[in-house]
Amino acid sequence: MQITRFTDYAIRVLTYCAVRGGELATTQEIAERYGISTNHLVKVVQELSRHGYLEAVRGKGGGIRLARPPEQIDLGELIGRLEEMDLAECFATGNACRITPACRMTAILAEARAAFLAALSRHTLADVVRPQGELRALLSIAAP
């Protein structure tokens with residue numbers, strides 16, 4: 001299984017914001033620190049805000065920050081929301097596979113998907129950013 005670039009960027013944005021603590025960050029700043037496109041991050045930030053992971057502060061001096069503590073951001077929930085997780089055609093709406101009614105592969109893949117998300121749900125964003133020293137150095141974030 002491979003997560004999409006969108007989800008990868010979402011985790012990077014949340015990681016950056018977690019390391020910043022409650023300080024505001026800008027999408028441009030995050031893009032520069034990771035060396036990725038600001039345009040891609042704008043969409044990611046909008047989606048993370050829509051799902052309640054980020055708080056956006058508008059106006060001069062505005063930016064984004066985590067909307068809840070890193071300990072409350074479940075990685076399984078996050079990835080489950082951002083990824084389609086349709087492992088085969090039979091998971092998708094409009095499935096045209098002729099053997100779906102008799103095929104047991106759907107149940108097997110559903111079990112694997114549930115196990116994957118359950119393993120991720122044993123971790124939070126806090127696990128990703130602990131300890132913060134090396135992350136701060138790599139992202140050029142000053143210690144608080």
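Placed above this text is the structure.
Because the structure is a prediction, the values reported are computed rather than measured. (Residues numbered from 1 in each chain as written. Predicted model: local features only at pLDDT ≥ 70, side-chain atom pairs only at ≥ 80, totals over all residues. Heavy atoms only, no water.)

*Asks:* An account of the side chain of Glu 29 is needed here, citing residue identities and associated values.
*Replies:* Here Glu 29 lies in helix H2 (residues 27-34). Among the residues examined, Glu 29 registers a relative accessible area of 17% and is labelled buried. (Helix = DSSP H or I, 4+ residues; strand = E, 2+ residues; numbered from the N terminus. Buried < 20%, exposed > 50% of the residue type's maximum accessible area, 1.4 Å probe, protein only.)

*Asks:* Go over the pattern of salt bridges with me, naming the residues and quoting the values.
*Replies:* Side chains that differ in sign of charge can pair as their charged atoms come close. This structure, assessed with the given rule, holds eight salt bridges. Of the charged contacts in the structure, one is a salt bridge between Arg 68 and Glu 77, with a shortest N-O distance of 3.6 Å. The class for Arg 68 is partly exposed, based on a relative accessible area of 23%. Here Glu 77 and Arg 81 are joined by a salt bridge, their closest N and O atoms 3.8 Å apart. (Salt bridge = Lys/Arg side-chain N within 4 Å of Asp/Glu carboxyl O.)

*Asks:* Provide a residue-level description of the pairing of strand E1 (residues 54-57), including the pertinent values.
*Replies:* With four bridges connecting them, E1 and strand E2 (residues 63-66) associate as antiparallel partners. Paired with Val 57 across the strands is Gly 63, a residue of E2. Joining the antiparallel neighbours E1 and E2 is a turn of five residues, in which Gly 59 adopts a positive phi near 95°. (Pairing = 2+ DSSP bridges.)

*Asks:* Talk me through the packing of helix H4 (residues 75-82) against helix H5 (residues 105-121); I want residue IDs and the actual numbers.
*Replies:* Close contact between H4 and H5 brings their axes to 6 Å; oriented N to C, the two are set at 135°. Relative to H5, H4 is oriented oblique. Residue-level contacts link Leu 75, Gly 76, Glu 77, Ile 79 and Gly 80 of H4 to Phe 116, Leu 117, Leu 120 and Ser 121 of H5. For the contact of H4 with H5, the class distribution of residues is five nonpolar, three polar and one charged. (Axes fitted to C-alpha atoms, helices over the stretch in contact; angles between N-to-C directions. Parallel < 35°, antiparallel > 145°, perpendicular 65-115°, else oblique. Contact = heavy atoms within 4.5 Å. Nonpolar A, V, L, I, M, F, W, Y, C, P; charged D, E, K, R; others polar.)

*Asks:* Give a description of the environment of Ala 119 that names residues and reports values.
*Replies:* Along the chain, the position of Ala 119 falls in helix H5. Taking the relative accessible area as the measure of exposure, Ala 119 reaches 29% and is therefore partly exposed. Placed 94 residues apart in sequence, Ala 119 and Ala 25 show a C-alpha to C-alpha distance of 30 Å.

*Asks:* Go over the side chain of Arg 136 with me, naming the residues and quoting the values.
*Replies:* Structurally, Arg 136 can be placed in helix H7 (residues 133-138). The side chain of Arg 136 sits in the buried core without any salt bridge; Glu 23 is the nearest counter-charge, 6.1 Å away. (Lys, Arg positive; Asp, Glu negative; His and termini not counted.)

*Asks:* Would you mind going over helix H1 (residues 5-20) in detail, with residue names and values included?
*Replies:* With 16 residues, H1 ought to run about 22 Å at 1.5 Å a step, and its terminal C-alpha atoms sit 22 Å apart, in line with that. With twelve of 16 residues buried, H1 lies mostly within the body of the structure. Looking only at H1, the buried set comprises Thr 7, Tyr 9, Ala 10, Ile 11, Val 13, Leu 14, Thr 15, Tyr 16, Cys 17, Ala 18, Val 19 and Arg 20. Positive backbone phi, at 70°, marks Gly 21, one or two positions downstream of H1. (Expected span 1.5 Å × (residues − 1).)

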